[in-house]
Amino acid sequence: AQSVAQPEDQVNVAEGNPLTVKCTYSVSGNPYLFWYVQYPNRGLQFLLKYITGDNLVKGSYGFEAEFNKSQTSFHLKKPSALVSDSALYFCAVRRHNAGNMLTFGGGTRLMVKP
Amino acid sequence: DAGITQSPRYKITETGRQVTLMCHQTWSHSYMFWYRQDLGHGLRLIYYSAAADITDKGEVPDGYVVSRSKTENFPLTLESATRSQTSVYFCASGRGSGANVLTFGAGSRLTVL
């Protein structure tokens with residue numbers, strides 16, 4: 001079985017400040033890890049993914065995520081938040097060689113205030 | 001237009017009625033998926049399909065039926081809708097398993113009265 005936990009329902013940050021959205025996962029074997037973003041009344045959009053190799057992954061819109069195997073975490077980060085970053089963020093995991101069962105976390109709402 | 005489209009975007013129905021949500025993609029992706037999004041549960045996989053005429057259950061398949069006679073279409077049918085099926089439904093497609101990225105439709109908001 002595989003699972004994803006996003007411990008914060010909402011994260012509030014001031015514009016210009018760094019942001020972190022937390023994600024921890026549970027999977028047997030090596031994981032593929034993903035971050036998706038959802039804007040109001042829209043489908044999910046891909047931000048970035050970790051496959052293997054460098055633990056720091058860079059993605060769209062200045063976002064990055066750090067894979068930490070010992071802590072089974074994949075936190076999403078951005079050095080300087082924008083108001084337009086306000087959205088719902090989802091972390092997801094898929095086990096290597098496990099077909100297509102992509103498991104999502106419950107989502108974290110990011111609110112960036114001017 | 002290229003992309004993945006869902007219809008209808010909004011639907012209100014009554015308990016016991018049959019409802020079909022449509023999903024169409026233009027990329028010829030082999031894999032297609034149906035998720036439901038509920039507050040507190042994130043996204044949960046209902047059914048997926050690896051190719052035409054191949055479908056498999058996901059995490060929450062009860063009460064739903066799917067078919068895939070053509071690669072580009074993946075309709076989801078609620079044969080007898082229940083209030084617990086009130087949700088936002090997302091269709092997604094992708095080239096395959098592993099690290100391949102999914103592309104999502106805009107969603108279909110279904111309300112069952």
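See the structure printed just above.
Residues numbered from 1 in each chain as written. Chains lettered and ligands numbered in written order. Predicted model: local features only at pLDDT ≥ 70, side-chain atom pairs only at ≥ 80, totals over all residues. Heavy atoms only, no water.

Novice: Would you mind going over the overall build of chain A in detail, with residue names and values included?
Specialist: Across its full length, chain A holds zero helices and twelve strands. Taking 114 residues into account, the globule formula puts the C-alpha radius of gyration at 13 Å, and chain A, at 14 Å, falls close to it. Here chain A holds 114 residues, and the buried ones make up 46% of them. Within chain A, residue pairs in contact and separated by at least 24 positions form 57% of the contacts whose partners lie at least 6 positions apart. When the 11 basic and 7 acidic side-chain charges of chain A are each reduced to a single mean position, those positions are 7 Å apart. (Helix = DSSP H or I, 4+ residues; strand = E, 2+ residues; numbered from the N terminus. Rg over C-alpha atoms; globule rule 2.2 N^0.38 Å. Buried < 20%, exposed > 50% of the residue type's maximum accessible area, 1.4 Å probe, protein only. Contact = heavy atoms within 4.5 Å. Lys, Arg positive; Asp, Glu negative; His and termini not counted. Charge placed at Lys NZ, Arg CZ, Asp CG, Glu CD.)

Novice: Kindly report on the interface of chain A and chain B, identifying the contributing residues and their values.
Specialist: Reports often express the size of an interface as the amount of accessible area lost when the parts come together. Contact with chain A, which involves 21 residues of that partner, is made by 24 residues of chain B. In this assembly, chain A packs against chain B so that about 1700 Å² is buried in total across both faces, 58% of it on carbon and sulfur atoms. The interface formed by chain A and chain B contains zero salt bridges. Summed over the shared surface of chain A and chain B, the result is three residue pairs in polar contact (both at pLDDT 80 or more). Elements represented by at least two residues in the side of chain A that touches chain B include exactly strand E5 (31-38), strand E6 (44-50) and strand E10 (87-95) of chain A. Here the side of chain A that touches chain B takes four residues from E5(A), the largest share from any one element. For the side of chain A that touches chain B, the residue count by class is eleven nonpolar, seven polar and three charged. (Buried area = accessible area lost by both parts, 1.4 Å probe. Salt bridge = Lys/Arg side-chain N within 4 Å of Asp/Glu carboxyl O. Polar contact = N/O pair within 3.5 Å; in protein donor to acceptor, adjacent residues only side chain to side chain. Nonpolar A, V, L, I, M, F, W, Y, C, P; charged D, E, K, R; others polar.)

Novice: Provide a residue-level description of the sheet that holds strand E8 (residues 76-78) of chain B, including the pertinent values.
Specialist: Each strand in a sheet pairs with its neighbour through backbone hydrogen bonds, running either in the same direction (parallel) or in the opposite one (antiparallel). All names here are of chain B. Taking strand neighbours across the sheet as the criterion, the four strands line up as E1-E3-E8-E7 in an open arrangement whose pairing is antiparallel. The sheet is open, and its two borders are formed by strand E1 (4-7) and strand E7 (64-66), each paired with just one other strand. Across this sheet, the average inter-strand angle for adjacent strands is 15°, counted without regard to direction. Direction of pairing for E7 relative to E8: antiparallel, over a ladder of three bridges. Following the sheet pairing, Val66 is matched in E8 by Leu76. (Pairing = 2+ DSSP bridges. Axes fitted to C-alpha atoms, helices over the stretch in contact; angles between N-to-C directions.)

Novice: Could you give an account of the state of the cysteines, naming the residues involved and the relevant values?
Specialist: Going through the model one piece at a time under the given rule, you end up with two disulfides over all chains. The residue that forms a disulfide with Cys23(A) is Cys91(A), at a sulfur-sulfur distance of 2.0 Å. Between Cys23(A) and Cys91(A) the disulfide shows an S-S torsion of about -65°. By sign, it is left-handed. Highlighted residues: Cys23(A) in the loop between strand E3 (19-21) and strand E4 (24-26) and Cys91(A) in strand E10, separated in sequence by 68 residues. For Cys91(A), a relative accessible area of 0% translates into the label buried. The side chain of Cys23(B) participates in a disulfide bridge whose partner is Cys91(B); the two sulfur atoms lie 1.9 Å from each other. Sign of the S-S torsion, about -75° for the bond between Cys23(B) and Cys91(B), identifies this disulfide as left-handed. Placement of Cys23(B) in strand E3 (residues 19-25) and of Cys91(B) in strand E9 (residues 87-94) is noted, with a sequence separation of 68 residues between them. In this structure Cys91(B) comes out as buried when scored by relative accessible area, which is 0%. (Disulfide = S-S within 2.5 Å.)

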